[in-house]
Amino acid sequence: MKQHRTGKWLTAIMLLLILGMTSGNTESSATAADEPGQKAGELAQQVSTQKKNNLPSGFVYLDEIIPTAQYEIRYYSDNNFTGTRVDGYKAPLAIFSKTASAALKEVSDDLERKGYILRIYDAYRPQKAVNHFVRWSQDAGDIKMKLQYYPKLDKKNLFKLGFIAKKSGHSRGSTIDLSLADKKTGALVDMGSPYDFFGEISYYNTSLVSAKQHANRKLLKDTMVKHGFKPYSKEWWHFTLIKEPFPKQYFTFNVE
């Protein structure tokens, strides 16, 4: 009997150890998003998808213009502030106006000469996706992503604070969210705050980041401005082509 009870205890201990290891791995993967130094293979989407190739005139698939960039389309996944795939994102693709794509290719070429590549998080965004954001903001009970994306803010105030808009420049097809990665290693460059983090630390001129982190932000901003994009002061990752081809038109075709 004693030997039988000892066997039971050993089995229980082994199960606890296995569960503990699994739990630790789950927590690690859940909090790993957008950490400096992560490589494309560890974080960026590796999804093989067939393009519909039915874009409106004046739009292109960005990976066909800038194949060297990393593409991590957050709103196709559930790793975004809503915690679910956003309406209109049928594939993990970046679609952009042809005019803005040409300008961004110049940005990419410029930065590659300095040892960097682009990581693209979002480009064209359907109006139906923006409408999804509005509905999400009105659901006070849905705060599952609060800790990761807006820990110090009330979600109902995100529009008033300028982090989300009911009409987004993204829906005009020439606004982009992006960061930098090391060309040799693929590791994400440290910008001081993660993409889409809602708070003062994401302001371009915040005093909450280090000199090196600000220098990284400045490199991205200066290069984007050099090639015709204007920055947004509250989001270091957000840029709009100044001479955008559809300045008053908001599209809602799917990303597919």
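Heads up: the structure comes first, above all this text.
Structural notes on the overall build of the protein chain
Counting its secondary structure elements, the protein chain contains 7 helices and 7 strands. Along the protein chain, helices and strands appear, N-terminal first, in the series α-α-β-α-β-β-α-β-α-α-β-α-β-β. For the protein chain, the residues scored as buried account for 48% of the 256 residues in total. Contacts in the protein chain between residues far apart in sequence, at least 24 positions, make up 75% of those at least 6 positions apart. Within the structure as shown, the protein chain displays about 13400 Å² of accessible surface, and the carbon and sulfur contribution to it stands at 55%.

Brief notes about the packing of aromatic side chains
Throughout the structure, instances matching the rule amount to 19 aromatic pairs. Summarising the aromatic geometry, the rings of Phe246 and Phe251 are spaced 5.1 Å apart at their centres and angled 80° between planes, so their arrangement reads as edge-to-face. Judged by its relative accessible area of 18%, Phe246 is buried. In this structure Phe251 comes out as buried when scored by relative accessible area, which is 11%. Within the aromatic cluster, the residues linked to one another by ring pairs are Tyr75, Phe81, Tyr89, Phe133, Trp136, Tyr150, Phe163, Phe198 and Tyr203. One residue, Arg85, lies across the ring of Tyr76, its end atom 3.8 Å from the ring centre. Here Lys155 stacks its cationic end above the ring of Trp136, 4.0 Å away from the centre of that ring.

Looking at the side chain of Glu112
Note on placement: Glu112 falls in helix 4 (residues 98–112). For Glu112, a relative accessible area of 18% gives the class buried. Setting aside residues up to four positions removed in sequence, Glu112 forms contacts with Thr68, Ile117 and Lys183.

Procedures and definitions
Residues numbered from 1 in each chain as written. Predicted model: local features only at pLDDT ≥ 70, side-chain atom pairs only at ≥ 80, totals over all residues. Heavy atoms only, no water. Helix = DSSP H or I, 4+ residues; strand = E, 2+ residues; numbered from the N terminus. Buried < 20%, exposed > 50% of the residue type's maximum accessible area, 1.4 Å probe, protein only. Contact = heavy atoms within 4.5 Å. Areas by Shrake-Rupley, 256 points an atom, 1.4 Å probe, with all protein chains shown as cover. Phe/Tyr/Trp six-rings, centres within 6.5 Å; stacked < 30°, edge-to-face > 60°. Lys NZ or Arg CZ within 6 Å of the ring centre and 35° of its normal.

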